[in-house]
Amino acid sequence: MPDCELIVRDGWVAASDGTVRKADIACRNGRIDSIGPSLELTGKTEISARGLVVLPGVIDAQVHFRDPGNTHKEDLASGSRAAVRGGVTSFLEMPNTHPPTINQQELDKKLARAAECSVANYGFFIGATPNNLEHINSAGPVCGIKIFMGSSTGTLLVHSDDDLENIFANGSRLIAVHAEDEERLRARMQSFLGDGKKVDDVAVHSQIRDDQSALIATKRAVRLSKKFNRRLHILHLTSAVEVDYLRDNKTDLITVECTPNHLFLTENDYAHLGSFAQMNPPLRTIRDQQALWEGLKDGTIDFIATDHAPHTKSEKAKAYPESPSGMPGVETSLPMMLTAWKNDQCTLKQLLKWLCWGPAEIYGMTGKGRLEQGFDADFAIVDVNSYKTVRDEDMFTKVSWSQFRGRKLTGWPLWTIVGGKIAFADNKIQEEVRGSPVRYD
Ligand code: DOR
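No experiment lies behind these values; they were computed from the predicted model shown. (Residues numbered from 1 in each chain as written. Predicted model: local features only at pLDDT ≥ 70, side-chain atom pairs only at ≥ 80, totals over all residues. Heavy atoms only, no water.)

**Q** Would you mind going over the overall build of the protein chain with me for this structure?
**A** The helix and strand inventory of the protein chain stands at 14 helices and 17 strands. The C-alpha radius of gyration computed for the protein chain amounts to 21 Å, which stays within 12% of the reference 22 Å derived for 441 residues, consistent with globular compactness. Principal-axis analysis of the C-alpha atoms gives the protein chain an extent of 70 × 45 × 40 Å. Considering the protein chain as a whole, with its 441 residues, one finds that 61% of them fall into the buried category. Considering only contacts within the protein chain whose residues lie at least 6 apart along the sequence, 73% involve residues at least 24 apart. (Helix = DSSP H or I, 4+ residues; strand = E, 2+ residues; numbered from the N terminus. Rg over C-alpha atoms; globule rule 2.2 N^0.38 Å. Buried < 20%, exposed > 50% of the residue type's maximum accessible area, 1.4 Å probe, protein only. Contact = heavy atoms within 4.5 Å.)

**Q** What exactly am I supposed to notice about the site of the ligand here?
**A** Around the ligand, a shell composed of 14 residues is seen, among which Arg66, Asn96, Ser152, Thr153 and Asn280 lie nearest. Contact distances for the ligand include 2.9 Å between a nitrogen atom and a backbone N or O atom of Ser325. Against a free-state accessible area of 290 Å², the protein chains account for coverage of 100% of the ligand. (Near = heavy atom within 4 Å. Polar contact = N/O pair within 3.5 Å; in protein donor to acceptor, adjacent residues only side chain to side chain. Areas by Shrake-Rupley, 256 points an atom, 1.4 Å probe, with all protein chains shown as cover.)

**Q** Whenever I open this one, the sheet that holds strand β11 (residues 232–234) confuses me. Can you help?
**A** Paired through their backbone hydrogen bonds, the strands of a sheet run either parallel or antiparallel. Ordered in space as β6-β7-β8-β9-β10-β11-β12-β13, the 8 strands form an open sheet in which the pairing is parallel. Every other strand in the sheet has two partners, leaving β6 (58–63) and β13 (303–304) as the edge strands with one partner each. With 3 bridges connecting them, strand β10 (residues 175–178) and β11 associate as parallel partners. Its bridge partner being in β11, Ala176 is matched across the sheet by His233. Sitting on the sheet, helix α2 (residues 104–117) touches β7 (88–93) and β8 (121–127), and the angle it makes with β8 is about 165°. (Pairing = 2+ DSSP bridges. Axes fitted to C-alpha atoms, helices over the stretch in contact; angles between N-to-C directions.)

**Q** What exactly am I supposed to notice about unusual backbone geometry here?
**A** Trans is the common state for peptide bonds, and a negative phi is the common state for residues other than glycine. Each neighbour pair has its own omega, and for His98 with Pro99 the value is 0°, a cis peptide bond. Inspection of the secondary structure assignment puts Pro99 in the loop between β7 and α2. Phi angles above zero are rare outside glycine, and Ser38 is one such case at about 45°. Along the chain, Ser38 turns up in the loop between β3 (31–36) and β4 (43–48). Despite not being glycine, Asn229 has its phi angle at roughly 55°, a positive value. Considering the arrangement of structural elements, one finds Asn229 in the loop between α7 (211–228) and β11. Given a relative accessible area of 62%, Asn229 falls into the exposed group.

**Q** Looking at this model, I keep getting lost on the pairing of β8. Mind explaining?
**A** Regular strands place their side chains on alternate faces of the sheet. Taking burial as the measure, the 7 residues of β8 include 7 buried ones, the bulk of the element. Of the two faces of β8, the one holding Asn121, Gly123, Phe125 and Gly127 and the one holding Tyr122, Phe124 and Ile126 are both buried throughout. As paired elements, β7 and β8 share 4 bridges and run parallel to each other. The residue of β8 that forms the bridge with Ser90 is Asn121. In this sheet, strand β9 (residues 144–148) lies alongside β8 in parallel orientation, the contact comprising 3 bridges. The partner of Ile126 across the bridge, within β9, is Ile145. The handedness of the β8 to β9 crossover, carried by helix α3 (residues 133–138), is right-handed. (Right-handed = clockwise from strand over helix to strand, strands pointing away.)

**Q** Help me out: how do you make sense of the packing of aromatic side chains in this one?
**A** What describes a pair of aromatic rings is the distance from one ring centre to the other and the angle between the planes of the rings. Under the definition given, this model contains 9 aromatic pairs. Ring geometry for Phe65 versus Phe91: centroids 4.8 Å apart, planes at 65°, classification edge-to-face. A residue pair is termed long-range when its members are at least 10 positions apart, and Phe65 in the loop between β6 and α1 (76–85) and Phe91 in strand β7 qualify at 26 residues. Accessibility expressed as a relative area gives 0% for Phe91, which makes it buried. Aromatic pair Phe264 and Phe404: ring centres 6.5 Å apart, planes at 90°, arrangement edge-to-face. Of this pair, Phe264 sits in helix α9 (residues 260–264) while Phe404 sits in the loop between β14 (379–389) and β15 (408–418), placing them 140 residues apart in sequence. Across this residue pair, the class does not change: Phe264 and Phe404 are buried. (Phe/Tyr/Trp six-rings, centres within 6.5 Å; stacked < 30°, edge-to-face > 60°.)

**Q** What am I meant to see in the pattern of salt bridges here?
**A** Once the charged atoms of two side chains with opposite charge are near each other, the side chains can pair. A complete count under the given rule lists 31 salt bridges for this structure. Its salt-bridge partner being Arg188, residue Asp210 comes within 3.6 Å of it at the nearest N-O pair. Of this pair, Asp210 sits in the loop between α6 (204–208) and α7 while Arg188 sits in helix α5 (residues 182–193), and the two are 22 residues apart along the sequence. Close ionic contact of Asp376 with Arg439 constitutes a salt bridge, the shortest N to O distance being 2.8 Å. With Asp376 in the loop between α14 (348–362) and β14 and Arg439 in the segment after β17 (428–429), this pair connects stretches of sequence that are 63 residues apart. Given a relative accessible area of 8%, Asp376 falls into the buried group. (Salt bridge = Lys/Arg side-chain N within 4 Å of Asp/Glu carboxyl O.)

**Q** Looking at this structure, how should I read the nonpolar core?
**A** Side chains of nonpolar character tend, in soluble globular proteins, to be buried together. Residues Leu55, Ile147, Val177, Ile234, Leu334 and Met337 are the most contacted members of the largest nonpolar core, which totals 100 residues. Tallying contributions element by element places α14 first for this core, with 6 residues. Excluding residues within four positions of it along the chain, Ile147 makes contact with Ala128, Val158, Leu164, Ile167, Phe168, Ile175, Ala176, Val177 and His178. Val13, Ile32, Leu371 and Phe379 belong to the second-largest nonpolar core, a separate cluster that totals 17 residues. (Core = buried A, V, L, I, M, F, W, Y, C linked by side-chain atoms within 4.5 Å.)

**Q** Quick question: what am I supposed to make of the side chain of Arg220 here?
**A** Relative to the elements of secondary structure, Arg220 occurs in helix α7. If we ignore the near neighbours within four places in the chain, the residues touching Arg220 are Met149, His159, Ser160, Asp161, Leu164 and Asp181.

**Q** Sorry if this is basic, but what is going on with the state of the cysteines here?
**A** Defined simply, a disulfide is a covalent bond joining two cysteines at their sulfur atoms. For the coordinates displayed, the defined rule picks out 0 disulfides. Cys4 carries a free sulfur, and the closest cysteine sulfur to it, the one in Cys27, is 7.0 Å from it. Take Cys356: it sits in no disulfide, and the sulfur closest to it among the cysteines is that of Cys346, at 12 Å. (Disulfide = S-S within 2.5 Å.)

The following block contains the structure:
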């Protein structure tokens, strides 16, 4: 009779402070039972991670898996498979599905669907509307309330002062905001695109949704958080003006994230990606990109999430502004960041904060984000010595494309472990594995 379900032997195990040591990890009942050199235990399954790095599973705290309503783009089955392929063991999914997740009934449907088919662990946001206050405060379990302050994909939108005050003033849950100012977006859309004006360059998207649109909404959300003492999380920060503003105005109640898209792409990339690079908030300048890296390094930005927002190739190929906003990303964030680490753009300690324990702490996820005894046995076993080029045809996301195609990346997982079970190995999903709902402290 083996002592435990799984033992990962001889890997370089990463501690949260960025140090690595050669050790075995034993998993029992979905948790880390012990970590140490040459454990004298037997596992039902044993893996040799010799020469490989063992990291806590990545937590992607912002994904759109389109289920229900747009499952031709992605669904919880395909999205979760793309996640584990990229070393992401837990995701938090956004409410702008069809129908949107704005009450207990819709949340329950998502939870049931995820229990049926998700190979990664899952959590969900509840979406705010101008009149679902009771639902956003009572429905559960949720990781937080999502407010679209400016229109994006889907119909969710809350932008009047009264409606925003009402949400911030009533309740205590974390509020995550998509911070772009609706009034300014509308005015600029009218002036750039109104009266049937023709645009032949998608780069105008970054001018319409300019950094001031983002800054106005970010300032407004910060004011509301301060006025009502309310926990605020600012999603996908994009601009230098916002980093500068938040560096001076962030409080203990405010946290911030940014995406790999804004860390590794700029508006110059429209030239080769066209509308495939279109997202909200949009790509910006090299100066903005530098400011995001600085913000991450000085703690103004707390962590990285992908905003995985898949649209099919044919949808993305439409002429602007018919082309939808959003790019995939859940399966490339870890290799992108490990490649950045290998290129000395960050330390392993920073990477572990930004991708693993940072989001776990901010969303109060129980037992996640660290390789320590008693924590959930979620990890990615990666090879940081070989490089593989990103190719559309290798992607696990249903939409089969990546904005990072052509890049040579290291750090691809050879195994991804979810709750002590092998969910990904030999470049294949282990179809029988299921994730669990994220628990919150
Ligand atoms: O570009 C985006 N796409 N930004 C969002 O806020 C939503 C997302 C989507 O769901 O497509």
